[in-house]
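Commentary on secondary and tertiary structure
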Amino acid sequence: MDSFNIIGKSNQMKKVFKDIGRIAESSHTVLILGESGSGKELVSKAIHLSGPNSKKPYVQVNITAIPTELIESELFGYEKGAFTGASNKKIGRFEEANGGTILLDEIGDMPIELQTRLLRVLSDGTFFRVGGHQELTADVRVIAATNQDLVSRVSEGRFREDLFHRLNVIGITLPPLRERREDIPALAESFLHRAATELEVEPKRLDDGAMQLLCEAPLSLIHISEPTR
């Protein structure tokens with residue numbers, strides 16, 4: 001799937017590509033699991049761009065990048081006067097994504113008190129802006145992604161079980177690079193080509209010895225990951 005900047009010819013990645021094609025035509029909620037740097041954002045966007053609503057908005061929200069006290073207003077918006085400093089109405093990310101797709105990245109880190117509000121959106125597609133009384137509707141496909149073990153977080157009481165099941169309608173697990181070493185040469189070549197393009201120089205290449213070292217490096221040293229953008 002070079003058109004989506006997803007690189008890989010290993011059997012594990014062939015399965016991921018097949019899953020993307022199978023999932024894209026549906027409107028079901030998707031949960032993408034994988035370690036940091038495994039390409040969760042790329043897979044999410046590929047699902048959106050391969051589906052019938054590819055021309056509609058694609059909105060990405062990283063839960064961990066938003067202060068906890070602002071997550072609710074970021075996702076659902078707020079009305080003028082809802083709190084100090086709310087001088088104007090603000091449209092939330094769910095409204096921005098209406099008709100398209102929203103990626104809730106790092107969903108495993110969403111505070112437990114906000115998970116109930118998300119559960120309602122997943123259940124009936126309705127929500128309220130912060131400080132609002134008008135029920136709003138969002139026709140949005142939700143894709144969630146995390147590097148957390150949600151089953152363990154559920155058992156620890158840090159993630160709602162009902163929300164987990166709502167998110168995990170369709171699941172994709174991305175393999176880390178150390179489990180698909182045969183993709184290392186193509187990834188290395190892609191990184192070198194990208195660097196050359198940015199620097200406006202001739203592309204460099206790794207000699208056979210250097211490539212062999214990369215491909216045979218101990219598991220603890222394999223940290224190369226696909227670009228996330």
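Let us look at the structure shown here. (Residues numbered from 1 in each chain as written. Predicted model: local features only at pLDDT ≥ 70, side-chain atom pairs only at ≥ 80, totals over all residues. Heavy atoms only, no water.)

What to know about the packing of aromatic side chains
For the record, the criterion: Centres within 6.5 Å make a pair out of two Phe, Tyr or Trp rings, where for Trp the six-membered ring is used; the pair is then stacked when the planes are under 30 degrees apart, edge-to-face when over 60, and tilted otherwise. A helix here means a DSSP run of H or I that spans at least four residues, while a strand means a run of E at least two residues long, and both kinds are numbered starting from the N terminus. For every residue, the accessible area obtained with a 1.4 Å probe (protein chains only) is divided by the maximum for its type, and the residue is called buried under 20%, exposed over 50%, and partly exposed between those limits. Note on criteria: charge over ring means Lys NZ or Arg CZ within 6 Å of the ring centre, with the direction from the centre no more than 35 degrees off the ring normal.
This structure, assessed with the given rule, holds four aromatic pairs. On the numbers, 5.6 Å between centres and 35° between planes, the contact of phenylalanine 76 with phenylalanine 127 is tilted. With phenylalanine 76 in helix H3 (residues 71-76) and phenylalanine 127 in strand S6 (residues 126-127), this pair connects stretches of sequence that are 51 residues apart. Summarising the burial analysis for this pair, phenylalanine 76 and phenylalanine 127 share the class buried. Plain terms: the ring middles of tyrosine 78 and phenylalanine 83 are 4.8 Å apart, the flat faces sit at 65° to each other, and that makes the pair edge-to-face. The class of tyrosine 78 is buried, set by a relative accessible area of 15%. The exposure class of phenylalanine 83 is partly exposed, given its relative accessible area of 35%. Grouped by ring-pair contacts, the aromatic residues Phe76, Phe94 and Phe127 constitute a single cluster. The ring of phenylalanine 76 has arginine 117 sitting right over it, with the charged end atom 4.4 Å from the ring centre.

Some words on the pattern of salt bridges
Here is the rule we go by: A pairing counts as a salt bridge when a side-chain nitrogen of Lys or Arg comes within 4 Å of a carboxyl oxygen of Asp or Glu.
This structure, assessed with the given rule, holds 14 salt bridges. In this structure, arginine 93 engages glutamate 96 in a salt bridge whose closest nitrogen and oxygen atoms are separated by 3.0 Å. Residue arginine 93 and its partner glutamate 96 are both found in helix H4 (residues 93-96); the two are separated by three residues, about one turn of the helix. On the accessibility criterion, arginine 93 (18% relative accessible area) is buried. Among the residues examined, glutamate 96 registers a relative accessible area of 38% and is labelled partly exposed.

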